[in-house]
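A closer look at the structure
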Amino acid sequence: MVKRTALLALLAAVLVFPAVFTLPFPRHVMIMIFLYGSLAVAWNILAGYCGQISLGHAVFFGIGAYTSTLLVARAGLTPWAGMAAGAALAVVFSQAVAFPVFRLRGHYFAIATIAVGEIVQTLVINWDWAGGARGVFVPIKRPDSLWNFQFHESKALYYYVALGLLLLGLAVTRWLERSRHGYYFRAVREDQQAAASLGVNVAREKHRAIAVSAGLTALGGTFYAQYIFFIDPESVLSLSLSILICLVAVLGGVGTLWGPVVGAAVLVPLSEYTRVWLGGTGRALDVVIYGALIMVIAVLQPAGLVGLAARLGRGRRG
Amino acid sequence: MRALLEVRDLDVLLGDYQVLWGARLAVAPGEIVALLGPNGAGKSTLLNTVSGLLRPRAGAITLDGAPITGLPAHRIVGRGVGHVLERRRLFPYLTVRQNVWLGAYHPGARAGREAQFERVARLFPVVTARGAQLAHTLSGGEQQMVALARGLMARPRLLMIDEPFLGLAPRVVAELAEAIRAINREGVTILFIEQNVELALSLAGRGYVLESGRSVLDGTAEALRRSPGVRRIFLGG
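Note that the coordinates shown come from a computational prediction; the quantities given were computed from them, not determined experimentally.

**Some words on the overall build of chain A**
Each helix and strand counted, chain A has 14 helices and two strands in total. Radius of gyration (C-alpha) of chain A: 19 Å, near the 20 Å computed for a compact globule of 318 residues. Taken across its 318 residues, chain A has 54% of its residues classed as buried. Put simply, of all contacts in chain A between residues at least 6 apart along the chain, 73% involve residues at least 24 apart. Of the roughly 14,500 Å² that chain A leaves accessible, carbon and sulfur atoms contribute 70%. Each charge class in chain A was averaged separately, 24 positive and 12 negative side chains, and the resulting centres sit 10 Å apart.

**Observations regarding the packing of helix α2 (residues 24-49) of chain A against helix α7 (residues 180-190) of chain A**
All names here are of chain A. Contact pair α2 / α7: the axes reach a minimum separation of 8 Å and the direction vectors enclose 50°. Taken together, the axes of α2 and α7 are oblique relative to one another. Taken together, the residues of α7 that come into contact with α2 (itself represented by Ile45, Gly48 and Tyr49) are Phe185, Arg186 and Arg189. In terms of residue class, the contact of α2 with α7 is built from three nonpolar, one polar and two charged.

**Thoughts on the side chain of A:Ser271**
Locating A:Ser271 in the fold gives a position in helix α12 (residues 259-278). Discounting residues that sit within four places of it in the chain, A:Ser271 has contacts with A:Asp286 and A:Tyr290.

**What about the pattern of salt bridges?**
Residues and elements named next belong to chain B. Evaluated as defined, the whole model comprises 18 salt bridges over all chains. In this structure, the salt-bridge partner of Arg225 is Glu198, at a minimum N-O distance of 3.5 Å. Remark: Glu198 occurs in helix α9 (residues 197-203) and Arg225 occurs in helix α10 (residues 221-226); sequence separation between them is 27 residues. Its salt-bridge partner being Glu211, residue Arg232 comes within 3.6 Å of it at the nearest N-O pair. Of the two residues, Arg232 is situated in helix α11 (residues 228-235) and Glu211 in strand β9 (residues 206-211); the sequence distance between them amounts to 21 residues. For Arg232, a relative accessible area of 42% gives the class partly exposed. The network of salt bridges with common partners includes Glu198, Glu222, Arg225 and Arg226.

**Describing the sheet that holds strand β8 (residues 189-193) of chain B**
Residue and element names in this part refer to chain B. With mixed pairing, the six strands of this open sheet are ordered in space as β6-β7-β8-β3-β9-β10. This sheet does not close on itself; its edge strands, each paired only once, are β6 (81-84) and β10 (214-220). Each strand of the sheet is rotated relative to its neighbour by a mean of 15°, with strand direction disregarded. Across the sheet, helix α7 (residues 140-152) is in contact with β6 and β7 (158-162); its angle to β7 comes to roughly 150°. Across the face of the sheet, α11 comes into contact with β3 (32-36), β9 and β10 while running at roughly 45° to β9.

**Regarding the sheet that holds strand β2 (residues 17-27) of chain B**
All names here are of chain B. Here we have four strands laid out as an open sheet, ordered β2-β1-β4-β5, and antiparallel in their pairing. The sheet is open, and its two edges are formed by β2 and β5 (66-67), each paired on a single side. Sheet topology places strand β1 (residues 5-14) next to strand β4 (residues 58-63); five bridges connect them, and they run antiparallel. When the sheet's bridge partners are listed, Leu5 is paired in β4 with Leu63. Where helix α1 (residues 43-50) meets the sheet, it contacts β1, β2 and β4, and its direction lies at approximately 110° from that of β1.

**Remarks on the environment of B:Leu138**
Residue and element names in this part refer to chain B. By the secondary structure assignment, Leu138 is in the loop between α6 (126-129) and α7. When the C-alpha atoms of Leu138 and Gln98 are compared, they prove to be 14 Å apart, with 40 residues separating the residues in sequence. With sequence-adjacent residues up to four places away left out, Leu138 is seen in contact with Val96, Val126, Arg130, Gln133, Gln143 and Val146.

**A word on the pairing of β6(B)**
A regular strand places its side chains so that they alternate between the two faces of the sheet. Residue and element names in this part refer to chain B. Every second residue of β6 is oriented toward a common face, with Val81 and His83 on one face and Gly82 and Val84 on the other, all of them buried. As paired strands, β6 and β7 are joined by four bridges and run parallel to one another. Residue Val84 lies in a different strand from β7, and its bridge partner there is Ile161.

**Focus on the nonpolar core**
Membership of the largest hydrophobic core comes to 104 residues, with the highest contact counts inside it found for A:Tyr66 and A:Phe223. Excluding anything up to four places from it in sequence, A:Phe223 contacts A:Ile31, A:Leu35, A:Met83, A:Phe149, A:Tyr158, A:Val161, A:Ala162 and A:Leu165.

**Comments concerning the interface of chain A and chain B**
Contacts between the two partners involve 18 residues from chain A, matched on the other side by 19 residues from chain B. Viewed at the interface, chain B and chain A are joined by one salt bridge. A salt bridge links B:Arg89 to A:Asp191, with the shortest nitrogen-to-oxygen separation between them at 2.5 Å. The interface formed by chain A and chain B contains eight residue pairs in polar contact (both at pLDDT 80 or more).

**Points about the packing of aromatic side chains**
One pass over the full model with this rule turns up 21 aromatic pairs over all chains. On the basis of an interplanar angle of 75° and a centroid distance of 5.1 Å, the ring pair of A:Phe34 and A:Tyr159 is categorised as edge-to-face. Here A:Phe34 is found in helix α2, whereas its partner A:Tyr159 is found in helix α6 (residues 156-178), with 125 residues between them in sequence. In this structure, A:Phe34 and A:Tyr159 share a single accessibility class: buried. Taken together through their ring pairs, the aromatic side chains of A:Trp80, A:Phe149, A:Phe151, A:Tyr158, A:Phe223 and A:Tyr227 make up a single cluster. Lying across the ring of A:Trp129, A:Arg74 places its NZ or CZ 5.4 Å from the centre. Above the ring of B:Phe91, the side-chain terminus of B:Arg150 is found at 4.9 Å from the ring centroid.

**Quick word on a nonpolar patch on the surface**
Residue and element names in this part refer to chain A. A cluster of nonpolar residues, Leu8, Leu11, Leu15, Val16, Val20, Phe21, Tyr160 and Leu167, forms a patch on the protein surface that exposes about 690 Å² of accessible area. Residue assignment for the nonpolar patch shows that the elements contributing at least two residues are α1 (2-20) and α6. It is α1 that contributes the most residues to the nonpolar patch, five residues altogether. Within the secondary structure layout, Leu167 lies in helix α6. For Leu167, a relative accessible area of 38% translates into the label partly exposed.

Reading guide: rules and limits
Residues numbered from 1 in each chain as written. Chains lettered and ligands numbered in written order. Predicted model: local features only at pLDDT ≥ 70, side-chain atom pairs only at ≥ 80, totals over all residues. Heavy atoms only, no water. Helix = DSSP H or I, 4+ residues; strand = E, 2+ residues; numbered from the N terminus. Rg over C-alpha atoms; globule rule 2.2 N^0.38 Å. Buried < 20%, exposed > 50% of the residue type's maximum accessible area, 1.4 Å probe, protein only. Contact = heavy atoms within 4.5 Å. Areas by Shrake-Rupley, 256 points an atom, 1.4 Å probe, with all protein chains shown as cover. Lys, Arg positive; Asp, Glu negative; His and termini not counted. Charge placed at Lys NZ, Arg CZ, Asp CG, Glu CD. Axes fitted to C-alpha atoms, helices over the stretch in contact; angles between N-to-C directions. Parallel < 35°, antiparallel > 145°, perpendicular 65-115°, else oblique. Nonpolar A, V, L, I, M, F, W, Y, C, P; charged D, E, K, R; others polar. Salt bridge = Lys/Arg side-chain N within 4 Å of Asp/Glu carboxyl O. Pairing = 2+ DSSP bridges. Core = buried A, V, L, I, M, F, W, Y, C linked by side-chain atoms within 4.5 Å. Polar contact = N/O pair within 3.5 Å; in protein donor to acceptor, adjacent residues only side chain to side chain. Phe/Tyr/Trp six-rings, centres within 6.5 Å; stacked < 30°, edge-to-face > 60°. Lys NZ or Arg CZ within 6 Å of the ring centre and 35° of its normal. Patch = residues over 30% accessible without salt bridge, like charges linked within 9 Å, V, L, I, M, F, W, Y side chains within 5 Å.

So, in structure tokens, the structure goes:
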């Protein structure tokens, strides 16, 4: 009951936030929290619940970004159609790569996902029609319109779209947690052979997990493209993005509903504010702090900040 | 007598290493059969191959006369073969109740799972008494009961149990043996692995002995108990 009230209060607070904070910067920080939060939530479905650690999620993000952007720039379609197409393409791609990659387990799987990410990035860098290494601009259209998914006057609409993506990811995760598929995912995570011996179709459950995860990640990619108006292989297909998505979830708490959101709420402001305070010279400082935080978390509480909070909560009651 | 499960001339390799050499056994409906043999004889490999976790290089496995050789594990569960793995292999961070429900994965089991859960909980009260506890917090004996309960959720005709008594206190062993008899009385055929010959043959009606991957002996519990071959294999005498 208390928890429900607190959640509703939090939801109300984020809904009125743009009315209170009218400057672009605080809104931008929140948008980035929502975006990275939703990416980490999507990653968490595959890695946290199903136990398949992917370090190649930038591929799905990139598919979302490139599909919508190319459809806008080359065919004049609305980015919303591109968003749906990008998600669908990411799902299809995930199923195709999953066949060989899921034959590997544990660390070998993680390494294979890095390889997939690097291959796709290299291919796009050499693909002239898609802009190659120079990237693609989203054609600017005025005036602002929801149809064109471009808002130059105010970030408020971006804010709500990003919030919507995050809430969608959370809703899917919540549904999964309670559905039998969520249990199958966790069974696969904890003991593949035992799951198989009970009749769980391990391969099919993994394919399901990566499909959901890939589709949600691609939605974030389209959002990013429409927010930044420029994508290139370095910004949307890089290994560092894949690792960042993973770090956000690990810091907050893998395999928990709120962990990825908490991780984003801590890491994104850290990154944005160090950039503001230190400018270009502070470029990598946020990464140094991430690294330190991850080490502290790994040693003290592998369940992440959410796990730490749960432990403190138990300590207070007990 | 038509066999429920029949294994013929099974060759299984783990990597490059051949573990089973022409292994065979047959289990009739309603029986309790023990699979005996020293460490490394290939007992677990045999069960893992029957349940589809491993693929044989050669040989045939039939269930009720229909071949199931090489089918994936989830299909074989759907045919009515349950498999409780060695060392229980519960999902440690799921609750007892969640563990048991996970046993009702295949579509056939999903339909009647509430009724089956009640039946299973009657056999193993620990399933409801400790339902909300994480599986890894249970004692070894309780975990084994939960593993059996989970294996029964798919309503198997044949339940294969890999070393159910491993590491349990004598009192718990007796309790568990009684539970296995009760499962059998409800019409489930049992094939189990055990290294303690005396214990195994007190529970089983018949037994098979594997040695170095070959089926070397079989017979009724009575015959095996008196067999000099069993004495030689297990006591080295």
